[in-house]
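# Structural features, examined
Below, each chain spelled out in residue letters.
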Amino acid sequence: MEQRTHKLTSERLVGKPIKLEKDYAEVELVTIDEMKVDERGLVHGGFTFGLADYAAMLAVNEPTVVLGKAEVRFTKPVKVGDRLLAKAKVVEDHGRKKIVEVKVYKGEEVVLEGKFHCYVLEKHVLDL
């Protein structure tokens, strides 16, 4: 399936799509030194969230999709060098509003899980 949204997203900072199907996406991210917040290599949660958000956008895969709201839970810490995999699935489709469930894994462990409320706009958000 062709990627129709968020085509210029940084693979290095947000992740690389590895699976794209109707209402489903998987995105992989290997965390890097620039993401750390301390000398022990703890990765800022914003990068894990960014990965999950990107996966949600790809699960919807509409050119004008935006995130309106997210309810997430961080369940495990992430450190530099971890390989993360986000799995996103559209679980509710209300036309222009989609609810996407996302889980981010480090191996078998879930490090983030949440619901992303996505909206498909009539035109680009910067044109509104």
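Keep in mind it's a predicted model, so treat the numbers as computed, not measured.

## With respect to the overall build of the protein chain
Across its full length, the protein chain carries one helix and six strands. Beginning at the N terminus, the succession of helices and strands in the protein chain can be written as β-β-α-β-β-β-β. Here the C-alpha radius of gyration of the protein chain, 14 Å, is about what a compact globule of 128 residues would show, namely 14 Å. Expressed as a percentage of the 128 residues in the protein chain, the buried residues total 35%. Partitioning the intrachain contacts of the protein chain with sequence separation of at least 6 by distance along the chain shows that 61% fall at a separation of at least 24. Here the protein chain contributes 22 positive and 22 negative side-chain charges, whose respective centroids are spaced 2 Å apart.

## Quick word on the packing of aromatic side chains
The full count for this structure, using the stated rule, is one aromatic pair. Positioned above the aromatic ring of Y105 is the side chain of K87, whose terminal nitrogen or guanidinium carbon lies 5.2 Å from the ring centre.

## Things to note about the pairing of strand β5 (residues 97–106)
Successive side chains on a regular strand alternate, one facing one side of the sheet and the next facing the other. Relative to β5, strand β4 (residues 83–94) is paired through ten bridges, and the arrangement is antiparallel. Paired with E92 across the strands is I99, a residue of β5. The antiparallel pairing of β4 with β5 creates a hairpin that spans two residues between the two strands, and G95 there sits at a positive phi of about 75°. Across ten bridges, β5 lies against strand β6 (residues 109–120) in antiparallel orientation. Within the sheet, the bridge partner assigned to K97 lies in β6 and is Y119. Counting the residues that bridge the hairpin from β5 to β6 gives two residues, and of these G107 lies at a positive phi of roughly 65°.

## Quick word on the nonpolar core
One finds V100, V102, V104 and C118 to be the most contacted residues of the largest nonpolar core, which totals 29 residues. Elements with a contribution of two residues or more to this core: β2 (24–30), α1 (45–60), β4, β5 and β6. For this core, the element with the most residues is α1, which contributes nine residues. If sequence neighbours within four positions are ignored, V104 has contacts with T48, L51, A52, L84, L85, A86, E109, V110, V111 and L112.

## Some words on the sheet that holds strand β1 (residues 16–21)
Pairing within the open sheet is antiparallel, and its six strands lie in the order β1-β2-β4-β5-β6-β3. Whereas interior strands pair on both sides, the edge strands pair on one side only; in this sheet they are β1 and β3 (65–74). When strand polarity is set aside, the average angle formed by the axes of neighbouring strands in this sheet is 20°. Taken strand by strand, α1 contacts β1, β2, β3, β4, β5 and β6, and its axis lies near 50° from that of β6.

## Regarding the pattern of salt bridges
Applying the stated criterion to the full structure yields 13 salt bridges. A salt bridge links E2 to K7; the shortest N-O distance between them is 4.0 Å. Judged by relative accessible area, which is 54%, K7 ranks as exposed. Between E71 and K69 there is a salt bridge, and its shortest N-O distance comes to 3.3 Å. Connected through shared salt-bridge partners, K79, D82 and K106 make up one network.

Definitions and limits used
Residues numbered from 1 in each chain as written. Predicted model: local features only at pLDDT ≥ 70, side-chain atom pairs only at ≥ 80, totals over all residues. Heavy atoms only, no water. Helix = DSSP H or I, 4+ residues; strand = E, 2+ residues; numbered from the N terminus. Rg over C-alpha atoms; globule rule 2.2 N^0.38 Å. Buried < 20%, exposed > 50% of the residue type's maximum accessible area, 1.4 Å probe, protein only. Contact = heavy atoms within 4.5 Å. Lys, Arg positive; Asp, Glu negative; His and termini not counted. Charge placed at Lys NZ, Arg CZ, Asp CG, Glu CD. Phe/Tyr/Trp six-rings, centres within 6.5 Å; stacked < 30°, edge-to-face > 60°. Lys NZ or Arg CZ within 6 Å of the ring centre and 35° of its normal. Pairing = 2+ DSSP bridges. Core = buried A, V, L, I, M, F, W, Y, C linked by side-chain atoms within 4.5 Å. Axes fitted to C-alpha atoms, helices over the stretch in contact; angles between N-to-C directions. Salt bridge = Lys/Arg side-chain N within 4 Å of Asp/Glu carboxyl O.

Keep in mind these values describe shape, not function.
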